[in-house]
Amino acid sequence: MEPVMVDAHLDLAHNARALGRDLTLPLDRLREVDPHPETPLVTLESLREAGVAVVFATLFVDPREGGREDWEEEVWVQLHLYEAWEAQGLVRLVRDGRGLEAHLQRFPQDRVPGLLLLLEGAHALASPEDLLPLRERGLRLLSLTWATGNAYAGGNAEEGPLTERGKALLQAMARWGVALDLSHLAEEAAWQALEVFPGPVCATHANARALVPSPRHLSDRLMEALRERGGVLGLVPFNAFLDPGWKRGDPRLPLEAFFRHKAHAEAILGPGGVGLGTDWDGGFGLEAVPQGLDRHRDLRALGDAGFLGENWIRWLRGWL
Ligand SMILES: [Zn+2]
């Protein structure tokens, strides 16, 4: 049996909403009709074709546009979109450990992708208590920030510490069983969060800062801390995140550029601590990913069963 795949970061609802893409189309059809300069990489059909059993699907609103009430409204619209897809039988929302096991039992027959909901950035939450209604609808993962800083913590593009409200949110997450995603968190805030938060920790989409010197990626020390917490890192096959010299419009990089990050991360986290978090169609398309990776099924060439999905499944089974 082919190993199951897990992609720990896809902005599916944001893609459907902000770019108006119909993700229920076959990928080749979407590529014909899509008006954007970036060629799309993902639809629900391409996930199904590849055998992607679990996706960490984001609720994401750009904090540079609009205000908090707009963000909150959009988060709920995106949640309702995922629920509508589930009602149509296009996806299955995975809300707890029992749901995960039931999903994995059914997946080999029906290949319906399972979605775990991830709030990317806490800026839509007026207070830590706002997490509860989302948790009740199945939210199980949260990153405190997107690029910019917010009321909870500093982000990768606007560095700063964890705030008092950030600590309260982490306590609420621990109480309600919501895992912490370290992606996009400022380094200082990440260390403070690790100290305060006793629950499960991961990084859904980041690469090695040792190879691409940007606060967007994990330092070797943070990778060590993640290993000590039993966490998993999802690597991003996006050229600008693989080689600091790559610019939009440059030719696609060879796959070796990805394997350098994989080798670096596995040397620190161990082969059981690294998987995929592609972030595909999260602001870039086919033109910006390595050669040979044209859709999810091509990702199968990147690693063994652990890397492709079992590492994430083992991590989820530890706490979900
Ligand atoms: Zn992101």
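We now turn to the structure provided with this report. (Residues numbered from 1 in each chain as written. Predicted model: local features only at pLDDT ≥ 70, side-chain atom pairs only at ≥ 80, totals over all residues. Heavy atoms only, no water.)

1. Observations regarding the coordination of the zinc ion
Protein ligation of the zinc ion involves Glu 120 (OE), His 184 (NE2) and His 205 (NE2), the donor distances falling in the range 2.1 to 2.3 Å. Coordination of the zinc ion draws on donor residues from a single chain, spaced E-x63-H-x20-H in sequence. Separated by 21 residues along the polypeptide, His 184 in the loop between β8 (179-181) and α8 (187-196) and His 205 in the loop between β9 (201-202) and α9 (220-228) bring together distant segments of the chain. Just as His 184 is buried, His 205 falls in that class too. (Donors = N, O, S within 2.8 Å, 3.2 Å for Na, K, Ca; no water. Helix = DSSP H or I, 4+ residues; strand = E, 2+ residues; numbered from the N terminus. Buried < 20%, exposed > 50% of the residue type's maximum accessible area, 1.4 Å probe, protein only.)

2. Observations regarding unusual backbone geometry
Residue Arg 111 is not a glycine yet carries a positive backbone phi of 50°. Mapped onto the elements of the fold, Arg 111 is located in the loop between α5 (97-110) and β4 (114-120). Judged by its relative accessible area of 26%, Arg 111 falls in the partly exposed class. Phi at Asp 279 is positive, roughly 60°, even though this residue is not glycine. For Asp 279, the location among the structural elements is in the loop between β11 (274-276) and α12 (305-317). Asp 279 gets classed as buried once you look at its relative accessible area, which sits at 8%.

3. Some points on the nonpolar core
A general trend in soluble globular proteins is that nonpolar side chains are found buried together. Judged by nonpolar contacts, the single largest core of 88 residues is most densely connected at Leu 12, Tyr 82, Leu 142 and Leu 233. Here this core takes six residues from helix α4 (residues 68-87), the largest share from any one element. Setting aside its immediate chain neighbours within four residues, Tyr 82 contacts Leu 10, Asp 11, Leu 12, Ala 13, Ala 57, Thr 58, Leu 59, Val 91, Leu 93, Leu 115 and Leu 117. Among the nonpolar cores identified, the runner-up in size contains 21 residues, and Val 94, Leu 141, Val 232 and Trp 315 belong to it. (Core = buried A, V, L, I, M, F, W, Y, C linked by side-chain atoms within 4.5 Å. Contact = heavy atoms within 4.5 Å.)

4. Describing the pairing of strand β1 (residues 5-10)
A large share of β1 lies buried, amounting to six of its six residues. By the bridge criterion, four bridges tie β1 to strand β2 (residues 52-59) in an arrangement that is parallel. For Met 5, the partnering residue across the bridge sits in β2 and is Val 52. (Pairing = 2+ DSSP bridges.)

5. Quick word on α12
The largest bend in α12 comes to about 30°, at Asn 311. Of all the positions in α12, only Gly 306, Phe 307, Leu 308, Gly 309, Asn 311, Trp 312, Ile 313, Trp 315 and Leu 316 are classed as buried. The N-capping residue of α12, defined by a side-chain oxygen 3.2 Å from the backbone nitrogen of Gly 306, is Asp 304. (Bend = angle between axes of the 7 residues up to and from the residue. Polar contact = N/O pair within 3.5 Å; in protein donor to acceptor, adjacent residues only side chain to side chain.)

6. Some thoughts on the packing of α8 against α9
For the pair α8 and α9, the least separation of the axes is 11 Å and the interaxial angle reads 20°. With respect to their mutual orientation, α8 and α9 come out roughly parallel. Relative to α9, α8 is oriented so that their crossing is left-handed. Side by side, α8 and α9 meet where Glu 187, Ala 190, Trp 191 and Leu 194 of the first sit next to Arg 221, Leu 222 and Ala 225 of the second. Taken together, the residues that form the contact of α8 with α9 break down as five nonpolar, no polar and two charged. (Axes fitted to C-alpha atoms, helices over the stretch in contact; angles between N-to-C directions. Parallel < 35°, antiparallel > 145°, perpendicular 65-115°, else oblique. Left-handed = near helix turned anticlockwise from the far one by under 90°. Nonpolar A, V, L, I, M, F, W, Y, C, P; charged D, E, K, R; others polar.)

7. Points about the pattern of salt bridges
Summed over the entire model, instances satisfying the criterion amount to 21 salt bridges. One salt bridge in this structure joins Arg 248 and Glu 38, with 3.8 Å as the shortest N-O distance. Here Arg 248, found in the loop between α10 (239-242) and α11 (256-269), pairs with Glu 38, found in the loop between α2 (27-33) and α3 (44-50); they are 210 residues apart in sequence, far enough to count as distant. With a shortest N-O distance of 2.6 Å, Arg 297 and Glu 49 are connected by a salt bridge. Residue Arg 297 is located in the loop between β11 and α12, and its partner Glu 49 is located in helix α3; the two are separated by 248 residues in the primary sequence. One connected set of salt bridges, linked through shared partners, spans Asp 28, Glu 49, Arg 295 and Arg 297. (Salt bridge = Lys/Arg side-chain N within 4 Å of Asp/Glu carboxyl O.)

8. Observations regarding α8
Residues of α8 that are buried: Glu 187, Ala 189, Ala 190, Ala 193 and Leu 194. Viewed end-on, α8 has its buried residues packed into an arc of 155°, placing them on one side of the element. (Arc of directions from axis to C-beta.)

9. Side note on the side chain of Asp 11
Note that Asp 11 resides in the loop between β1 and α1 (12-18). Despite being buried, Asp 11 has no salt bridge partner; Arg 216 is the closest side chain of opposite charge, sitting 8.6 Å away. There is a polar contact of 2.6 Å between the side chain of Asp 11 and the side chain of Thr 58. In contact with Asp 11, other than residues within four places in its own chain, are Thr 58, Phe 60, Tyr 82, Glu 120, Asp 279 and Gly 282. (Lys, Arg positive; Asp, Glu negative; His and termini not counted.)

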